[in-house]
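Secondary and tertiary structure notes
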Amino acid sequence: MKVLKIIVLVVLLGFVGIQFVPTDPNLSDVVPDTDFMSVNQVAKDIEHDLRVSCYDCHSNNTQYPWYNKVQPIAWFLEEHIKEGKEELNFNEWGDYSDRRKRSKLMSIASQIEDDKMPLSSYTLIHKDAKLSVEEKERILTLVNDLMEELDN
C-alpha cells in the first residue's frame, strides 16, 4: 500500500509540474493580405463555414478552448495545429504558387468529400464545426470555381 501511495504522489507531482511548461500559442491579431478570404471573393456564409471548421488548425490564429491550459492537452493541440498549418495555412494562401493552390484545392475537395476534414476528434467537441451536406456543397462549389479560375 505504501508503494502505491508513493506512485500516486509521484504521478500527481509530475502532473502538477508539467503545468508550468509553456507552449507557443498560435495567436495573431493581424489578418494578412495573403489570407484566403482576402485573395478570393468568398461569400459570407462560406467564409463563416471555413472559419468555424478550418481556421483553428489551418491559420495563424486559433480560438483556444478552456482545456488548452491543461498539459499534456496543450502540447497535443500545439503539435496538431503545427501539422495542420504545415499542410495548409489559409493566411498564406496568396503566397502559394498557382500549382500549389491547385494541389491544395484538390486536397480540400477530397478531404471534404471523404469526410476527413474537419477531423472527427475536432467536431466531437466543436459541434458547430461539423459541416452539413449543404455547407460541404457550397465549399466544394467554391473550390471548383477557384480551380477553374486557375486554369484560365
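The rules we used
Residues numbered from 1 in each chain as written. Predicted model: local features only at pLDDT ≥ 70, side-chain atom pairs only at ≥ 80, totals over all residues. Heavy atoms only, no water. pLDDT = per-residue confidence, 0-100. Helix = DSSP H or I, 4+ residues; strand = E, 2+ residues; numbered from the N terminus. Polar contact = N/O pair within 3.5 Å; in protein donor to acceptor, adjacent residues only side chain to side chain. Contact = heavy atoms within 4.5 Å. Expected span 1.5 Å × (residues − 1). Buried < 20%, exposed > 50% of the residue type's maximum accessible area, 1.4 Å probe, protein only. Arc of directions from axis to C-beta. Salt bridge = Lys/Arg side-chain N within 4 Å of Asp/Glu carboxyl O.

Quick look at the confidence of the model for the protein now. Of all residues in the protein, 100% attain a pLDDT of 70 or more, and the chain-wide mean is 92. Looking across the protein, the model is least confident in helix 1 (residues 2-18), with a mean pLDDT of 84, and most confident in helix 5 (residues 98-113), with 97.

Attention now goes to the side chain of Thr123. Mapping Thr123 onto the fold places it in helix 6 (residues 120-125). At 3.3 Å, the side chain of Thr123 forms a polar contact with the backbone oxygen of Ser120. Not counting chain neighbours up to four residues away, the residues in contact with Thr123 comprise Pro118, Ala129 and Lys130.

Turning our attention to helix 5. In a regular helix each residue adds 1.5 Å, so 16 residues correspond to 22 Å; helix 5 covers 22 Å between its end C-alpha atoms and thus fits that length. Within helix 5, burial applies to Lys101, Lys104, Leu105, Ile108, Ala109 and Ile112. In an axial view of helix 5, the angular spread of the buried residues amounts to 140 degrees, which keeps them on one side of the axis. More than 90 degrees from the buried face of helix 5, the exposed residues found are Arg99 and Glu113. The elements touched by buried residues of helix 5 are helix 2 (36-39), helix 4 (73-87) and helix 7 (133-151). Backbone geometry just after helix 5 places Asp115 at a positive phi near 55 degrees.

Attention shifts here to the pattern of salt bridges. Under the definition given, this model contains 9 salt bridges. When the shortest N-O distance is used, the salt bridge between Asp35 and Arg51 registers 3.9 Å. You can see Asp35 sitting in the loop between helix 1 and helix 2 and its partner Arg51 sitting in helix 3 (residues 44-53), a full 16 residues away along the chain. Exposure remark for Arg51: the relative accessible area of 32% places this residue in the partly exposed category. For the salt bridge of Asp45 with Arg138, the shortest nitrogen-to-oxygen distance reads 3.4 Å. Here Arg138 lies in helix 7 and Asp45 lies in helix 3, a separation of 93 residues in the sequence. Classification of Asp45 by relative accessible area gives partly exposed; the value is 34%. Here the salt bridges share partners, and the residues they tie into one network are Asp35, Lys44, Glu47 and Arg51.

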